[in-house]
Amino acid sequence: MSNQTPSLTAQFTDQPFHVMTKPIGPICNLDCTYCYYLHKEELYPKGNKWKMADDCLASYIRQYIDAQPPGTAEVTFAWQGGEPTLLGVEFFEHCVEIQQQYARPGMKITNTLQTNGILLDDDWCRFFLKNGFLIGLSIDGPADLHDAYRIDHQGQGSHAKVIAAIRKLKKFGVEFNALVVVNRLNGDHGARIYRYLRDVGCQYLQFIPIVERSGVGRHAEGQAVTADQFTAFDAAASAVSSRSVLPEQFGSFLCDVFDEWIQRDVGRMFVQIFDQALSAWVGVEPSLCVFRRTCGRALAMEHNGDVYSCDHYVEPDYRLGNLNFVPLEDLVNSGRQQAFGDAKLNTLPQYCLDCEVRNACNGECPKNRFLQTPDGQDGLNFLCAGYRKFFNHVDPAMQQMAALVKSRRPAALIMEQRSATTATTADAATPRSDATPRRNDPCPCGSGKKYKSCCLRQR
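These notes cover the structure that comes with them. Keep in mind the model is a prediction, meaning the values are calculated, not measured.

What about the overall build of the protein chain?
Reasoning step 1: Scanning the protein chain for helices and strands turns up 16 helices and 12 strands.
Reasoning step 2: Out of the 459 residues in the protein chain, the part that is buried amounts to 48%.
Reasoning step 3: In the protein chain, the share of contacts with a sequence separation of at least 24, taken over all contacts with a separation of at least 6, comes to 70%.
Reasoning step 4: By element, 50% of the accessible surface of the protein chain is carried by carbon and sulfur atoms, the whole surface being about 22,000 Å².

Here we look at helix 9 (residues 272–282)
Reasoning step 1: Three or more residues of helix 9 are buried, namely Ile-273, Phe-274, Gln-276, Ala-277, Leu-278, Ala-280 and Trp-281.
Reasoning step 2: Those residues of helix 9 that are buried lie in contact with helix 8 (247–264), strand 7 (270–271), helix 13 (358–361) and helix 14 (384–406).
Reasoning step 3: Phi turns positive, to about 105°, at Gly-283, one or two residues after helix 9.

Focus: empty space enclosed by the protein
Reasoning step 1: For the structure on display, the rule yields two cavities of 30 Å³ or more.
Reasoning step 2: Looking at the largest cavity, its volume works out to about 140 Å³.
Reasoning step 3: Listing elements by their share of the lining of the largest cavity, those giving two or more residues are helix 12 (350–353), helix 13 and helix 14.
Reasoning step 4: If one sorts the elements of the lining of the largest cavity by residue count, helix 14 sits on top with three residues.
Reasoning step 5: Residue composition of the lining of the largest cavity, by class: 10 nonpolar, three polar and two charged.
Reasoning step 6: Its boundaries defined by the atoms lining it, the second largest cavity holds a volume of some 90 Å³.
Reasoning step 7: Lining the second largest cavity are Cys-289, Val-290, Cys-295, Gly-296, Ala-298, Ser-309, Cys-310, Tyr-313, Phe-340, Lys-344, Cys-365 and Pro-366.
Reasoning step 8: When its residues are assigned to classes, the lining of the second largest cavity shows nine nonpolar, two polar and one charged.

Here's the deal with the pattern of salt bridges
Reasoning step 1: Applying the stated criterion to the full structure yields 17 salt bridges.
Reasoning step 2: With a shortest N-O distance of 3.9 Å, Asp-66 and Arg-62 are connected by a salt bridge. Residue Asp-66 and its partner Arg-62 are located together in helix 2 (residues 54–66), separated by four residues, close to a single helical turn.
Reasoning step 3: When the shortest N-O distance is used, the salt bridge between Arg-195 and Glu-260 registers 2.8 Å. With Arg-195 in helix 7 (residues 190–199) and Glu-260 in helix 8, the pair connects residues that are 65 residues apart, well separated along the chain.
Reasoning step 4: By relative accessible area, which is 33% here, Arg-195 ends up partly exposed.
Reasoning step 5: For Glu-260, a relative accessible area of 22% translates into the label partly exposed.
Reasoning step 6: Shared partners join several salt bridges into a network, and the residues in it are Arg-198, Asp-199, Arg-264 and Asp-265.

A look at the packing of aromatic side chains
Reasoning step 1: Tallying each qualifying case throughout the model produces 34 aromatic pairs.
Reasoning step 2: Aromatic side chains Phe-258 and Phe-390 sit 6.5 Å apart centroid to centroid with 80° between the ring planes, which places their arrangement in the edge-to-face category. Residue Phe-258 is found in helix 8, and its partner Phe-390 is found in helix 14; the two are separated by 132 residues along the sequence.
Reasoning step 3: Here Phe-258 falls in the buried class, since its relative accessible area comes to 3%.
Reasoning step 4: Ring geometry for Phe-291 against Tyr-387: centres 5.7 Å apart, planes inclined by 85°, an arrangement best described as edge-to-face. In this pair, Phe-291 is assigned in the loop between helix 9 and strand 8 (298–301) and Tyr-387 in helix 14, connecting sequence segments 96 residues apart. The residues Phe-291 and Tyr-387 share a single accessibility class, namely buried.
Reasoning step 5: The structure contains a cluster of three or more aromatic residues connected by ring pairs, namely Phe-17, Tyr-60, Tyr-64, Phe-77, Trp-79, Phe-91, Phe-92, Trp-124, Phe-127, Phe-128 and Phe-133.
Reasoning step 6: For Lys-22, the ring lying beneath its charged end belongs to Tyr-37, and the centroid distance is 3.9 Å.

Quick notes on the sheet that holds strand 2 (residues 74–79)
Reasoning step 1: Read from one edge of the open sheet, 10 strands run 7-6-5-4-3-2-1-8-9-10, paired in mixed fashion. Each end of this open sheet is capped by a strand with a single partner; those strands are strand 7 and strand 10 (319–322).
Reasoning step 2: Direction of pairing for strand 5 (residues 176–182) relative to strand 6 (residues 204–209): parallel, over a ladder of five bridges. Each residue of the ladder has a partner; that of Val-180, found in strand 6, is Phe-207.
Reasoning step 3: Relative to the sheet, helix 2 contacts strand 1 (18–21), strand 2, strand 3 (108–115) and strand 8, its axis offset from that of strand 2 by approximately 145°.

Focus: unusual backbone geometry
Reasoning step 1: The omega torsion of the bond from Gly-81 to Gly-82 falls at 10°, within 30 degrees of zero and hence cis.
Reasoning step 2: In this structure, Gly-82 sits in the loop between strand 2 and helix 3 (89–102).
Reasoning step 3: Positive phi outside glycine occurs at Glu-364, with the angle close to 50°.

Examining the nonpolar core
Inside soluble globular proteins, nonpolar side chains tend to come together where they are buried.
Reasoning step 1: Ranked by internal contacts, the top residues of the largest apolar core, which has 113 residues, are Tyr-60, Phe-92, Phe-128, Phe-258, Trp-261, Phe-391 and Met-401.
Reasoning step 2: Residues within four places of Phe-391 in sequence aside, it is in contact with Ala-277, Trp-281, Phe-291, Val-357, Ala-360 and Cys-361.
Reasoning step 3: In this structure, Cys-28, Leu-38, Val-181 and Ile-210 belong to the second largest nonpolar core, which totals nine residues.

With respect to the pairing of strand 2
Reasoning step 1: Here strand 1 runs beside strand 2; their pairing, made up of two bridges, is parallel. Each residue of the ladder has a partner; that of Thr-21, found in strand 2, is Trp-79.
Reasoning step 2: Viewed along the sheet, the connection from strand 1 through helix 2 into strand 2 turns out right-handed.
Reasoning step 3: Strand direction decides the pairing type here: strand 2 and strand 3, joined by six bridges, are parallel. Its bridge partner lying in strand 3, Val-75 is registered against Ile-109.
Reasoning step 4: Viewed along the sheet, the connection from strand 2 through helix 3 into strand 3 turns out right-handed.

Reading the values: rules and limits
- Residues numbered from 1 in each chain as written.
- Predicted model: local features only at pLDDT ≥ 70, side-chain atom pairs only at ≥ 80, totals over all residues.
- Heavy atoms only, no water.
- Helix = DSSP H or I, 4+ residues; strand = E, 2+ residues; numbered from the N terminus.
- Buried < 20%, exposed > 50% of the residue type's maximum accessible area, 1.4 Å probe, protein only.
- Contact = heavy atoms within 4.5 Å.
- Areas by Shrake-Rupley, 256 points an atom, 1.4 Å probe, with all protein chains shown as cover.
- 1 Å grid on protein atoms, 1.4 Å probe; cavity = no way out; pocket = protein on both sides within 12 Å on 5 of 7 lines; lining within 4 Å.
- Points joined across faces, edges and corners; volume = space filled by probe spheres on them.
- Nonpolar A, V, L, I, M, F, W, Y, C, P; charged D, E, K, R; others polar.
- Salt bridge = Lys/Arg side-chain N within 4 Å of Asp/Glu carboxyl O.
- Phe/Tyr/Trp six-rings, centres within 6.5 Å; stacked < 30°, edge-to-face > 60°.
- Lys NZ or Arg CZ within 6 Å of the ring centre and 35° of its normal.
- Pairing = 2+ DSSP bridges.
- Axes fitted to C-alpha atoms, helices over the stretch in contact; angles between N-to-C directions.
- Core = buried A, V, L, I, M, F, W, Y, C linked by side-chain atoms within 4.5 Å.
- Right-handed = clockwise from strand over helix to strand, strands pointing away.

If you want it as structure tokens, here you go:
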């Protein structure tokens, strides 16, 4: 038996991979002003048929299952858009049939679907429940915050329909996550948004920072810049749209949410970034690609079979090929894709390598690395100041929860520990309400002696 360490290539190809699938491309029934994907229509000819063809769909499902490493017990299909529900329930019924046809013996097939919720009705919910779909539902908070950017093609807000979708999902018992895009407007309302979503029945939350480069997107602002243009650290706001959350603002948002959550909701409400942080503090590399040391195992596929390095890199330079002509496994495991993933680590500036929270952050997503460090090195993440603020803020609590987890106790016990500490501190700081001092208290007569050695003895 060989004792050699597996090669970096083997380590890369032995990892399960994930594909964000766009069966209707960027087509959507909303016109969210901050959406990073709507303008991807420009990649394909006008008059293009956006619905994924049956032969492409079947080929993708078969190849996606076959290309997973041996021993993979569960395969997750992720459907996104655009808005995938525009395809109708029948399309996804067909997807499930094909999945069952190609699944390996004993393999579990799961599906996730990200939606704006506008079209969800009883038929959709019955289908989701029957087939175990996990739904990601976009909602940016109360109506005044949500409707500012999440509008339809007539400019009308979508909040009321999203709330109706939440009620439907809960009525049928469909599992769902709330996906909150944190932007310049709602970024000052972390605690309010958290409480609101908790109160309307959202138990699983994801907070996604919107970072729009100038000149990019259907609703672009300012002049576009090239990939090799970096912005000075203290001029970060000039590099993004007016809708983009600012670095410190995002950090404060997360801190405010955490402070609400840690008081009463650990083990009851689940916030993705808190789970990822706890993994890092326990000593386990986070599972989310943006917080891992390297990436490259989370790809994207367009409606026609074009495969791209990442959902945020659906651009000509990052098109790996088309699975109708090159096997998906070859595209996923190509040297080009491995180099893309390794670059996440290899391009970190020294400022990041020396950072006290590097193990939790790992430079976040490369798409956001367009700042210069304070000492002028290229490649700092736009959100650096925010993540640094957040991860340092949660450090004491994360250490406490990590200790609980390592001792095989629930992290939720931190709420009891914190309550006990608070009560003890408050008790020590609060003067006694009765007139009788304790034995070792200074005697109230003013003698300077302890009460037990003075007036108490006389009594």
